[in-house]
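Survey of secondary and tertiary structure
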Amino acid sequence: MAFDTSQGPLLKVEHLTKEFPAGSGVFGGRFSKSVVSAVNDVSFEIYPGETFGLVGESGCGKSTTGRTIMRLNRPTSGKVFFQGRDVAAMNHRELKAMRRDMQFIFQDPYASLNPRMTIGEIISEPMTIHGVGTMEERMETVRELLDVVGLNPEHINRYPHEFSGGQRQRVGIARAFALKPKLIICDEPVSALDVSIQAQVLNLLKDLQDRYGTAYLFIAHDLSVVQHISDRVAVMYLGKMVEVSDWKTLYTEPHHPYTQSLLSAVPVPDPDIQKTRKRIILAGDPPSPIDPPTGCRFHTRCPIAQAKCSQEQPEWREVAPGHFCACHFASPFPIKESHIDL
Ligand SMILES: Nc1ncnc2c1ncn2[C@@H]1O[C@H](COP(=O)(O)OP(=O)(O)OP(=O)(O)O)[C@@H](O)[C@H]1O
Ligand code: SF4
Ligand SMILES: [Mg+2]
């Protein structure tokens, strides 16, 4: 996949932090208001036409990152720039213009489509909101979009319940493409679908990207889903980004112990690497994002943690050109079984 870095990034996220209030109580022996630290100091950029995969366990802050970028949430701190413009500083008109170029595809094709609207109305709604074309022209565009996403244009007046999950996700995709946006935030677009349908929908997203040059922020639980679609992949753990690189390096030479553990569950294309790979199963569940662990947030589950890890936050550093990692002891060598406390 080729993407263009010559014009600078389409999206730039700088030190993004999002906290949600979580009530009050006694924390660390003192009465205070607690917060959910959903996203903490996350920085990355996405270039025109690029697919940037964002992966991590449930609750690690992926959707909050996506929603805060779109300004569906206000950031607690940090900045988001879209086409060089500060999203937080945009007035209503500018925000509306930005949303024309930045769309969202949701995880759940059942909950995300209004059951009382026909699919023609659903897909044309963004064009109606933005005053694009006449009614006739909009319906013509909807028919074209239905054809492009592999649905029958004659079904334009049908309702969502008349379609399967995979077909509904195609409707959601057609809607996201109605305004030919520059960036689409795809929040787990295939995880609610049968495995047999997932590959078809991923292929459709790839084809549409080739056709329209759209960039994707592609959110997933699982490294195996983003592997086939991403140019670069970032891994999140408990609100923090822990590693990012081009997908091939991330899959063949992960430096962060958390990435190594996620990857140990995924078959890799290189048979030599696959042969030597052992499954790394981490002890316990991720801690709560309310009052997260000190130092490195992964230290309570990390198989190679040392004393320093619970005291000092690891720096975000470049371990190879374009390959960043936040770990005091980052190394390209996979965790050994002797390190794992099962
Ligand atoms: N509106 C909210 N109010 C309070 N807490 C929230 C809110 N939205 C998200 N959170 C919390 O923030 C954390 C991150 O949630 P988020 O939905 O971003 O995770 P995720 O990585 O998308 O998870 P999943 O894979 O399950 O979709 C979670 O602990 C979640 O409970
Ligand atoms: S900083 Fe320490 S605890 Fe965190 S990932 Fe690296 S080795 Fe593990
Ligand atoms: Mg989510």
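Before reading on, note that the structure itself is shown above.
Predicted, not measured: the structure shown is a model, and the values here were computed from it. (Residues numbered from 1 in each chain as written. Chains lettered and ligands numbered in written order. Predicted model: local features only at pLDDT ≥ 70, side-chain atom pairs only at ≥ 80, totals over all residues. Heavy atoms only, no water.)

Here the focus is the overall build of the protein. Tallying secondary structure elements over the protein gives 11 helices and 12 strands in all. Over its C-alpha atoms the protein spans a radius of gyration of 21 Å, differing by no more than 12% from the 20 Å that the globule rule assigns to 342 residues. Seen through its C-alpha atoms, the protein measures out along the principal axes to roughly 65 × 55 × 40 Å. A sequence separation of at least 24 residues applies to 66% of the contacts in the protein between residues at least 6 apart. On the protein, the mean spot of the 37 positive side-chain charges and the mean spot of the 39 negative ones are 5 Å from each other. (Helix = DSSP H or I, 4+ residues; strand = E, 2+ residues; numbered from the N terminus. Rg over C-alpha atoms; globule rule 2.2 N^0.38 Å. Contact = heavy atoms within 4.5 Å. Lys, Arg positive; Asp, Glu negative; His and termini not counted. Charge placed at Lys NZ, Arg CZ, Asp CG, Glu CD.)

This paragraph deals with unusual backbone geometry. Of note in this structure, lysine 180 is not a glycine but carries a positive phi near 50 degrees. Mapped onto the elements, lysine 180 comes out in the loop between α5 (165–177) and β7 (183–187). With a phi angle near 60 degrees, aspartate 291 is a residue other than glycine that sits in the positive phi range. Examined against the element boundaries, aspartate 291 turns out to sit in the loop between α10 (271–276) and α11 (307–311).

Before going further, it helps to spend a moment on the nonpolar core. Within the largest apolar cluster, 56 residues are counted, with the highest numbers of intra-cluster contacts made by Ile173, Leu205, Phe218, Leu223, Val226 and Tyr258. Listed in part, the 32 residues of the second largest apolar core include Leu10, Ile46, Ala234 and Met236. (Core = buried A, V, L, I, M, F, W, Y, C linked by side-chain atoms within 4.5 Å. Buried < 20%, exposed > 50% of the residue type's maximum accessible area, 1.4 Å probe, protein only.)

In the neighbourhood of ligand 1, 14 residues make up the surrounding shell, with Ser58, Gly59, Lys62, Ser63 and Thr64 lying closest. A distance of 2.8 Å is found between an oxygen atom of ligand 1 and a side-chain nitrogen or oxygen belonging to serine 63. The contact in question runs from an oxygen atom of ligand 1 to an N or O atom on the side chain of threonine 64, over 2.5 Å. Bound to the protein, ligand 1 loses 63% of the 630 Å² it would expose on its own. (Near = heavy atom within 4 Å. Polar contact = N/O pair within 3.5 Å; in protein donor to acceptor, adjacent residues only side chain to side chain. Areas by Shrake-Rupley, 256 points an atom, 1.4 Å probe, with all protein chains shown as cover.)

Below, the discussion takes up the site of ligand 2. Near ligand 2 there are 13 residues, and of these Cys296, Cys302, Cys309, Cys327 and His328 occur at the shortest range. In this structure the site holding ligand 2 corresponds to the largest cavity. (1 Å grid on protein atoms, 1.4 Å probe; cavity = no way out; pocket = protein on both sides within 12 Å on 5 of 7 lines; lining within 4 Å. Sits in = over half its atoms within 2 Å of the grid points.)

If you check which residues of helix α3 (residues 119–129) are buried, you get Ile119, Gly120, Ile122, Ile123, Ser124, Pro126 and Met127. On its buried face, α3 sits against α4 (135–148) and α5. A positive phi of about 65 degrees marks glycine 131, the residue just after α3.

Let us look at the pattern of salt bridges. Scanning the entire structure with this criterion turns up nine salt bridges. Of the charged contacts in the structure, one is a salt bridge between glutamate 45 and arginine 232, with a shortest N-O distance of 3.5 Å. Of this pair, glutamate 45 sits in strand β2 (residues 30–46) while arginine 232 sits in strand β9 (residues 232–237), and the two are 187 residues apart along the sequence. The class for glutamate 45 is partly exposed, based on a relative accessible area of 21%. Among the charged side chains, a salt-bridge network with shared partners connects Glu45, Glu50 and Arg232. (Salt bridge = Lys/Arg side-chain N within 4 Å of Asp/Glu carboxyl O.)

The space that makes up the largest pocket amounts to roughly 510 Å³. Forming the walls of the largest pocket are 24 residues, and the residues nearest its centre are Gln103, Phe104, Phe106, Pro126 and Arg175. Those elements that provide at least two residues to the lining of the largest pocket are α2 (92–101), β6 (102–105), α3 and α5. Considered class by class, the residues forming the lining of the largest pocket number 13 nonpolar, seven polar and four charged. Taken as a whole, the second largest pocket spans an internal volume of roughly 330 Å³. For the second largest pocket, the lining is made up of 20 residues, of which Asp41, Lys240, Met241, Trp316 and Ala326 are closest to its centre. Listing elements by their share of the lining of the second largest pocket, those giving two or more residues are β1 (11–27), β2 and β10 (240–246). Taken together, the residues of the lining of the second largest pocket sort by class into nine nonpolar, six polar and five charged. (Points joined across faces, edges and corners; volume = space filled by probe spheres on them. Nonpolar A, V, L, I, M, F, W, Y, C, P; charged D, E, K, R; others polar.)

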